[in-house]
Amino acid sequence: MSEDMIFPVSETVLSNLERLSREESIISEQRTLELYDVAFPMVKASLELLDEGLESYEMLSVLSEGLSFGDYPLSDDTTPEYRLKVAKSLGALSRTDKAIFTELYAEGLADFGRTLTERDFLPSSQGAETFTYVRNSFSDEAYDVFSQDFSDPKVKYSASFKECAQAVSGGDVTYCLLPLEEKGGARLPTVSEIIFRNDFKINSVIPVFGPDGNADMKYALVSRSFTVPERRKDDDLYLEIRIGVGGDSALAEVFGAVDYFGMSVYRVNTVTFDTEGEEETYFSVVIKDGGSSFAPLLTYFTLFLRDFVPVGIYKNLE
């Protein structure tokens with residue numbers, strides 16, 4: 001019976017779609033050339049700002065203020081019943097244009113020896129190798145793993161997560177260890193709140209299994225600045241960002257750019273925090289790299305996604 005239900009696409013339709021695809025490829029090349037005519041002058045303006053002493057992120061923030069490709073209007077000849085569908089298609093086209101522009105721009109900077117890197121967007125500082133955490137069998141296990149990446153780690157214990165956060169915020173220690181996720185992957189709201197309130201950055205995330213080997217929790221190493229991991233063969237890197245839910249297209253912007261740059265979305269959650277007596281809800285997005293730098297994606301976010309906040313960069317979650 002299932003063989004009788006096979007529905008073939010007519011050869012005429014396939015031929016028409018192929019023809020339209022070839023026509024679209026010509027238009028896409030023309031669009032790319034137009035985008036290049038914006039990217040190249042912006043590269044020159046960027047070099048001038050960099051020579052004046054601006055940091056890369058500051059330079060991009062300045063240039064992003066006036067960067068817009070306008071609206072993508074529908075043709076007056078668009079059939080009314082298809083206008084909404086075509087408008088959605090143009091929205092996807094707009095996001096693709098911005099990704100192509102970002103790539104052209106980054107390539108142009110690189111041609112002048114100004115390659116953008118993750119460190120341009122995720123500032124890090126070398127602090128003392130000092131740690132604090134609330135001691136138990138799980139956190140001891142996490143510390144044993146985290147500390148292997150340091151040459152002379154020193155630890156002091158705290159009585160509570162709040163005390164841990166205060167020690168890092170006050171500069172008494174550089175890092176604190178916090179339980180990030182329970183078994184099953186659910187984030188701990190209390191810890192998420194601590195990271196948000198103190199603007200902490202997640203430097204590393206590891207699984208912790210406990211004495212009986214069944215806990216399967218995750219602990220995070222957090223500090224006031226980022227630590228961009230060194231990429232080794234077979235490493236998977238993850239970028240975590242937070243964006244507001246106010247804009248209807250926020251996630252579409254993220255997903256489109258992630259796909260264009262050959263990456264993938266690992267996880268999306270909504271998180272809610274109390275800010276000045278009002279609840280604010282955000283998307284927490286974890287992005288898995290595709291074997292290359294996050295710099296093009298971070299460039300796109302800086303230019304076109306105004307309210308994104310980088311939260312962490314770490315590796316090998318799986």
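Residues numbered from 1 in each chain as written. Predicted model: local features only at pLDDT ≥ 70, side-chain atom pairs only at ≥ 80, totals over all residues. Heavy atoms only, no water.

1. With respect to empty space enclosed by the protein
Part 1 of the argument: One pass over the full model with this rule turns up 2 cavities of 30 Å³ or more.
Part 2 of the argument: There is about 150 Å³ of room inside the largest cavity.
Part 3 of the argument: Along the walls of the largest cavity sit 13 residues, with Arg187, Ser192, Glu240, Phe273 and Ser284 positioned nearest its centre.
Part 4 of the argument: Counting only elements with at least two residues in the lining of the largest cavity, the list comes to helix H6 (189-197), strand S6 (237-244) and strand S7 (264-275).
Part 5 of the argument: Class assignment for the residues of the lining of the largest cavity results in 7 nonpolar, 3 polar and 3 charged. (1 Å grid on protein atoms, 1.4 Å probe; cavity = no way out; pocket = protein on both sides within 12 Å on 5 of 7 lines; lining within 4 Å. Points joined across faces, edges and corners; volume = space filled by probe spheres on them. Helix = DSSP H or I, 4+ residues; strand = E, 2+ residues; numbered from the N terminus. Nonpolar A, V, L, I, M, F, W, Y, C, P; charged D, E, K, R; others polar.)

2. Considering the packing of aromatic side chains
Part 1 of the argument: The final tally for this structure, using the stated rule, is 20 aromatic pairs.
Part 2 of the argument: Ring centres of Phe69 and Phe101 lie 5.3 Å apart, and the angle between their planes is 70°; this geometry places the pair in the edge-to-face category. Remark: Phe101 occurs in helix H3 (residues 83-111) and Phe69 occurs in the loop between helix H2 (56-64) and H3; sequence separation between them is 32 residues.
Part 3 of the argument: Judged by relative accessible area, Phe69 falls into the partly exposed class, the value being 24%.
Part 4 of the argument: Its relative accessible area of 0% is what places Phe101 among the buried residues.
Part 5 of the argument: Plain terms: the ring middles of Tyr133 and Tyr157 are 5.3 Å apart, the flat faces sit at 80° to each other, and that makes the pair edge-to-face. Here Tyr133, found in strand S1 (residues 130-134), pairs with Tyr157, found in strand S2 (residues 154-158); they are 24 residues apart in sequence, far enough to count as distant.
Part 6 of the argument: The exposure class of Tyr133 is buried, given its relative accessible area of 2%.
Part 7 of the argument: An aromatic cluster is built from Phe69, Phe101, Tyr105, Tyr300, Phe301, Phe304 and Phe308, whose rings are joined through pairwise contacts. (Phe/Tyr/Trp six-rings, centres within 6.5 Å; stacked < 30°, edge-to-face > 60°. Buried < 20%, exposed > 50% of the residue type's maximum accessible area, 1.4 Å probe, protein only.)

3. Some words on the side chain of Thr302
Part 1 of the argument: Here Thr302 lies in helix H8 (residues 295-304).
Part 2 of the argument: A polar atom in the side chain of Thr302 sits 2.7 Å from the backbone oxygen of Leu298.
Part 3 of the argument: Setting aside residues up to four positions removed in sequence, Thr302 forms contacts with Tyr57, Leu60, Ser61, Ser64, Phe121 and Phe308. (Polar contact = N/O pair within 3.5 Å; in protein donor to acceptor, adjacent residues only side chain to side chain. Contact = heavy atoms within 4.5 Å.)

4. Describing the pattern of salt bridges
Opposite charge on two side chains makes pairing possible when the charged atoms of those side chains draw close.
Part 1 of the argument: Tallied over the full model, the rule gives 16 salt bridges.
Part 2 of the argument: Of the charged contacts in the structure, one is a salt bridge between Arg19 and Glu23, with a shortest N-O distance of 3.2 Å. Of this pair, Arg19 and Glu23 both sit in helix H1 (residues 11-51), 4 residues apart, roughly one helical turn.
Part 3 of the argument: Residue classification places Arg19 among the partly exposed positions, given a relative accessible area of 36%.
Part 4 of the argument: Here Asp235 and Lys315 are joined by a salt bridge, their closest N and O atoms 3.2 Å apart. Residue Asp235 is found in the loop between strand S5 (217-223) and S6, and its partner Lys315 is found in strand S9 (residues 309-315); the two are separated by 80 residues along the sequence. Comparing Asp235 with Lys315 shows no difference in burial state: the two are buried.
Part 5 of the argument: It is possible to trace a salt-bridge network through shared partners that takes in Glu181, Arg187, Glu240 and Arg267. (Salt bridge = Lys/Arg side-chain N within 4 Å of Asp/Glu carboxyl O.)

5. Quick look at the layout of surface pockets
Part 1 of the argument: One number sums up the size of the largest pocket: a volume of about 740 Å³.
Part 2 of the argument: Lining the largest pocket are 25 residues, and of these Asp149, Phe150, Asn203, Thr227 and Pro229 sit closest to its centre.
Part 3 of the argument: Listing elements by their share of the lining of the largest pocket, those giving two or more residues are helix H4 (137-146), strand S4 (201-208) and S9.
Part 4 of the argument: At 4 residues, the largest contribution of residues to the lining of the largest pocket is made by S4.
Part 5 of the argument: Of the residues belonging to the lining of the largest pocket, the class tally is 11 nonpolar, 8 polar and 6 charged.

6. A word on the nonpolar core
Part 1 of the argument: Residues Tyr105, Ile287, Leu297 and Phe301 are the most contacted members of the largest nonpolar core, which totals 46 residues.
Part 2 of the argument: Of all the secondary structure elements, the ones that give two or more residues to this core are H1, H2, H3, S6, helix H7 (250-260), strand S8 (278-288) and H8.
Part 3 of the argument: Of all the elements, H1 adds the most residues to this core, at 7 residues.
Part 4 of the argument: For Phe301, the residues in contact, after removing those within four places along its chain, are Ile241, Val254, Ala257, Ile287, Arg306 and Phe308. (Core = buried A, V, L, I, M, F, W, Y, C linked by side-chain atoms within 4.5 Å.)

7. Overview of a nonpolar patch on the surface
Part 1 of the argument: Together, Val9, Val13, Leu14, Leu17 and Leu20 give the surface a local cluster of nonpolar side chains, amounting to about 410 Å² of exposed area.
Part 2 of the argument: Of note, Leu20 is situated in helix H1.
Part 3 of the argument: We classify Leu20 as partly exposed; its relative accessible area is 42%. (Patch = residues over 30% accessible without salt bridge, like charges linked within 9 Å, V, L, I, M, F, W, Y side chains within 5 Å. Areas by Shrake-Rupley, 256 points an atom, 1.4 Å probe, with all protein chains shown as cover.)

8. Structural notes on the environment of Ile313
Part 1 of the argument: Of note, Ile313 is situated in strand S9.
Part 2 of the argument: Through-space distance from the C-alpha of Ile313 to that of Leu122 is 8.5 Å; in sequence the pair is 191 residues apart.
Part 3 of the argument: Not counting residues up to four positions away in its chain, the partners in contact with Ile313 are Glu118, Leu122, Ile202, Asn203, Phe226, Thr227, Val228, Pro229, Leu237, Tyr238 and Phe294.

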